[in-house]
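Observations on chain architecture
Residues per chain are reported as follows:
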Amino acid sequence: MRRNPKDFEASHRRLSRRAVVLGGAQLAMVGTLAFRMRHMQVEQADQFRLLAEENRINVRLIPPKRGEIYDRFGRVIAQNSPSYRIIIVREDAGDVDQVIGRVGRLIMLDPKETERALAEMRRSPPFLPVTLADQVSWEDISRIAVNAPALPGITPEVGLTRFYPRGGDFAHVVGYVGPVSDYDLSQLQDPEPVLRIPRFQIGKVGVEAREEQLLRGQAGAKRVEVNAAGRVMRELSRREGEPGADLHLTIVANLQGYVQARLGSESAAAVVMDCRTGDLRAIVSSPTYDPNLFVRGISVGDYRALTEHDHRPLANKTVQGIYPPGSTYKMMTALAALEEGIIGPEDTVWCPGHLEVAGRRFHCWKRDGHGHVNLQNSLKQSCDVYYYDLAIKVGIDRISAMARRFGIGLRHDLPMSAIAEGLAPTRDWKFATYGQKWLIGDTANSSIGQGYVLASPLQLALMTARIASGRAVVPRLVRSVNGVEQPGEPGEDMGLNARNLHHIRQAMFAVSNDRRGTAYGSRIIEDRHRMASKTGTSQVRNITAAERAAGIINNADLPWNRRDHALFVNYAPFDNPRYAVSVVVEHGGGGSAVAAPIARDITLQALYEGTPPLSAYPAKDRAEVQARQERLYRERPDIRTDGRNRA
């Protein structure tokens, strides 16, 4: 069959149009590709060159060196120690499980630590290094280094970790560091990148936490070249960070250690303060704990042992513990009355052993009473009835106002954790807190440091320092930052009548140095170091009328947690006050029997800047004191000094 020429011509035209369309499309595509290639190779050359560089160059953070902490005389309290560790970078390792398996065949890996590292890698950016094994030996580091070509993403390195060479002596003051937690990050609006480095250590409590910004420093960075397997080939550049600031505290390490040893296993607290400057020379809570346990994560068993201990070793009793101050508060009641002109130093009150107040009988500690007592005898013999009578005349608001002038009921700004305010109660406070009116019986209770009144050992030491100096000294803990002395507040004059302060000081002197004084048995014999003081015993339970009639149960016959607290405050030397000391022994019993001997020993240790001579003690105590000192020095040879602790 012969084909029609017209049909052939039409078909040819259609093919020609298709060829033109296809050819045009191909030309357009080739042109677009050429234009794009030119754009990328010429106009975007620098950008792609940078991307290529970033594929083989990593930028890694360099953790800053944490500032170290020293005592007043430069003895190390918190330092950085070298620590060998093995790190892994997920993006460089490739098959993480396979690489960790190879490492595990070379050295012993803790399964729990491995699981922790895997968890950190899952929640961290792939470029951040994660610690796979910490505190490894030099031999293990060597094995890893020799097998480096077969371990992509694995790097042995030397880091720094926190170490507290004095163990528990400064645990409640300096605190400890630990790895950054999710909770820590949640408390910050814009966390610094260095905080996201897994296992990076920050302060958790105490000075370590409160001075974190000073101690941490600023992170540096390094650029490293890696090969296709992720192995670091060389370091290209490095920008060092800024190390954290070094801190010098006001505390004397040997005195701090002595106080810790002297408190022993008691649940207690003691504070030594410079009367002239407010510098804290020792601030000790007992029992203590080893902060090194917390640096890399404390075990469940160790933590349970601390939290379940009935003496609460984790609590800082010096600033966090608040107690009824007992008779150590009587100076506040007396000063309030003296300043108001309500009573003179020679005016007397009759003490028959009790006082009827609003139909209720308030008892003196001495059942038969003290008879006629004036100001000096009331403090010397710690007569309660004198202060019940005085407080009713002066009123609670004036007493509490005086207490606040001396630092009670106020939160003092120190770089320590959980500092308590204490309480100097008022009528308005009770109504606002409990919706109840203030009662006259509340005033009587408060006058002897019971009822609602609460004070910390720090506040009691500050109160005593202000009585001794007559100035509003302010407690200070940090002496210098990077060698730069931190300004302290000299303390303004208290603005009190000098004669009234003189009468209080003379009465406190009689407490320790008059034969009828409650602290006469714990006096200092050396004339140039004689002290002024006040004993205190605060009840933690109610004594019923039936028990009082039958005879009050002796503290020794009660369960430990129902015994009275023992308190003592003092300053010395009396003629030229240098140190104020407060001691609180939880459930210790009587202040004169338990707290006073401890405070006397601490005071002498501070005054002599080391071991005091036996001649400073009463003759009857010297054999016991010598035996105790020898025992303490055998147990703690590091606390013995030769008297060269000069300020």
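Just so we're clear, the structure is a prediction, and the values are computed from it rather than from any experiment.

1. What to know about the packing of aromatic side chains
Following the criterion strictly, the structure yields 13 aromatic pairs and no others. Judged by centre distance (5.6 Å) and plane angle (70 degrees), the ring pair of Tyr289 and Phe294 falls under edge-to-face. Accessibility classification places Tyr289 together with Phe294 in one group, the buried group. Residues Tyr571 and Phe574 carry aromatic rings whose centres are separated by 6.3 Å and whose planes lie at 25 degrees to one another, so their mutual orientation is stacked. Residue classification places Tyr571 among the buried residues on the basis of a relative accessible area of 0%. Grouped by ring-pair contacts, the aromatic residues Tyr176, Tyr289, Phe294 and Tyr303 constitute a single cluster.

2. Side note on the packing of helix α14 (residues 330-339) against helix α17 (residues 396-405)
Axis separation between α14 and α17 bottoms out at 8 Å; the angle between their running directions is 110 degrees. Judged by the angle between their axes, α14 and α17 are roughly perpendicular. Seen from above, α14 lies across α17 with right-handed handedness. Here α14 contributes Met332, Thr333, Leu335, Ala336 and Glu339 to the contact with α17, which in turn contributes Arg398, Ile399, Met402 and Ala403.

3. Some points on the layout of surface pockets
Of the volumes computed, that of the second largest pocket is approximately 960 Å³. Of the residues that constitute the lining of the second largest pocket, the class distribution is 18 nonpolar, eight polar and 17 charged.

4. A short note on empty space enclosed by the protein
A complete count under the given rule lists two cavities of 30 Å³ or more for this structure. Taken as a whole, the second largest cavity holds about 40 Å³ of empty space. In the lining of the second largest cavity, the residues fall into six nonpolar, two polar and one charged.

5. Quick notes on the pattern of salt bridges
Between side chains of opposite charge, a pair can form when the charged atoms approach closely. For the structure shown, the criterion picks out 39 salt bridges. Arg398 serves as the salt-bridge partner of Glu340, at 3.8 Å between the closest nitrogen and oxygen. Here Arg398 lies in helix α17 and Glu340 lies in the loop between α14 and β13 (349-351), a separation of 58 residues in the sequence. Residue Glu340 is classed as partly exposed on the basis of its relative accessible area of 43%. Here Arg578 makes a salt bridge to Glu609, at a shortest N to O gap of 3.6 Å. With Arg578 in the loop between β20 (565-572) and β21 (579-585) and Glu609 in the loop between α23 (591-607) and α24 (622-635), this pair connects stretches of sequence that are 31 residues apart. Judged by relative accessible area, Arg578 falls into the partly exposed class, the value being 21%. Of the residues examined, Glu609 reaches a relative accessible area of 11% and is grouped as buried. Beyond isolated ion pairs, a larger network of salt bridges with shared partners links Arg262, Arg600, Asp601, Lys620, Asp621, Glu624 and Arg628.

6. So, the environment of Ser522
Take Ser522: it is sitting in the loop between α21 (498-513) and β19 (532-538). Ser522 gets classed as buried once you look at its relative accessible area, which sits at 5%. Along the chain, Ser522 and Ser512 lie 10 residues apart, while their C-alpha atoms are 7.1 Å from each other. When neighbours within four sequence positions are excluded, Ser522 is seen to be in contact with Met531, Ser592, Ala596, Pro597 and Arg600.

7. Here's the deal with a nonpolar patch on the surface
Together, Met29, Leu33 and Met37 line one region of the surface with nonpolar side chains, adding up to about 330 Å² of accessible area. Following the sequence through the fold, Met29 ends up in helix α1 (residues 5-43). Judged by relative accessible area, which is 55%, Met29 ranks as exposed.

8. Brief notes about the nonpolar core
Counting 92 residues, the largest nonpolar core has Val173, Met331, Met332, Tyr386, Phe406, Leu477 and Ile504 as the members making the most contacts within it. Beyond its immediate chain neighbours, meaning those up to four positions away, Met331 contacts Leu379, Met463, Ile467, Ile504, Met508, Lys534 and Val569.

9. With respect to the confidence of the model for the protein
On average, the protein scores 88 in pLDDT, and the residues at 70 or more come to 89%. pLDDT under 50 marks residues 643-647. Its contacts with residues more than four places away, or in other chains, come to 14 contacts.

10. A few points about the state of the cysteines
Per the counting criterion, the structure on display carries zero disulfides. Free cysteine: Cys364, not disulfide-bonded; nearest cysteine sulfur from Cys351 at 4.0 Å. Given the relative accessible area of 5%, Cys364 is considered buried.

11. Some remarks on α24
Between its first and last C-alpha, α24 extends 20 Å over 14 residues, near the 20 Å set by a 1.5 Å rise per residue. Looking only at α24, the buried set comprises Val625, Arg628, Gln629, Leu632 and Tyr633. Viewed along the axis of α24, the buried residues span an arc of 130 degrees, placing them on a single side of the element. With respect to the buried face of α24, the exposed residues turned more than 90 degrees away are Ala623, Glu624, Arg634 and Glu635. For α24, the elements touching its buried residues are α11 (253-263) and α23.

12. Description of the side chain of Gln450
On the secondary structure map, Gln450 appears in the loop between α19 (440-447) and α20 (457-469). Owing to a relative accessible area of 12%, Gln450 belongs among the buried residues under this scheme.

13. Let's talk about unusual backbone geometry
The step from Ser286 to Pro287 runs through a cis peptide bond, and the omega angle for that step is -5 degrees. In this structure, His587 takes a positive phi of about 50 degrees despite not being glycine. Structurally, His587 can be placed in the loop between β21 and α23. For Glu609, which is not glycine, the phi dihedral falls at a positive 55 degrees.

14. So, the packing of α14 against α21
Remark: α14 packs on α21, axes separated minimally by 10 Å, with the N-to-C direction vectors making an angle of 150 degrees. When the axis of α14 is compared with that of α21, the two are roughly antiparallel. Along this stretch, α14 crosses α21, giving a crossing that reads as right-handed. Judged by residue contacts, Met331, Ala334, Leu335, Leu338 and Glu339 of α14 engage Asn500, Leu501, Ile504 and Met508 from α21.

15. Observations concerning the side chain of Thr114
If you trace the backbone, Thr114 turns up in helix α5 (residues 111-123). Using a relative accessible area of 13% as the deciding quantity, one classes Thr114 as buried. Setting aside anything within four residues of it in sequence, one finds Thr114 in contact with Ile100 and Leu109.

16. A look at the environment of Pro82
Positionally, Pro82 belongs in strand β3 (residues 76-89). We classify Pro82 as exposed; its relative accessible area is 63%. Put simply, Pro82 and Val158 are 76 residues apart on the chain and 6.4 Å apart in space, counted from C-alpha to C-alpha. Setting aside anything within four residues of it in sequence, one finds Pro82 in contact with Val158, Gly159 and Leu160.

The rules behind the values
Residues numbered from 1 in each chain as written. Predicted model: local features only at pLDDT ≥ 70, side-chain atom pairs only at ≥ 80, totals over all residues. Heavy atoms only, no water. Phe/Tyr/Trp six-rings, centres within 6.5 Å; stacked < 30°, edge-to-face > 60°. Buried < 20%, exposed > 50% of the residue type's maximum accessible area, 1.4 Å probe, protein only. Axes fitted to C-alpha atoms, helices over the stretch in contact; angles between N-to-C directions. Helix = DSSP H or I, 4+ residues; strand = E, 2+ residues; numbered from the N terminus. Parallel < 35°, antiparallel > 145°, perpendicular 65-115°, else oblique. Left-handed = near helix turned anticlockwise from the far one by under 90°. Contact = heavy atoms within 4.5 Å. 1 Å grid on protein atoms, 1.4 Å probe; cavity = no way out; pocket = protein on both sides within 12 Å on 5 of 7 lines; lining within 4 Å. Points joined across faces, edges and corners; volume = space filled by probe spheres on them. Nonpolar A, V, L, I, M, F, W, Y, C, P; charged D, E, K, R; others polar. Salt bridge = Lys/Arg side-chain N within 4 Å of Asp/Glu carboxyl O. Patch = residues over 30% accessible without salt bridge, like charges linked within 9 Å, V, L, I, M, F, W, Y side chains within 5 Å. Areas by Shrake-Rupley, 256 points an atom, 1.4 Å probe, with all protein chains shown as cover. Core = buried A, V, L, I, M, F, W, Y, C linked by side-chain atoms within 4.5 Å. pLDDT = per-residue confidence, 0-100. Disulfide = S-S within 2.5 Å. Expected span 1.5 Å × (residues − 1). Arc of directions from axis to C-beta.

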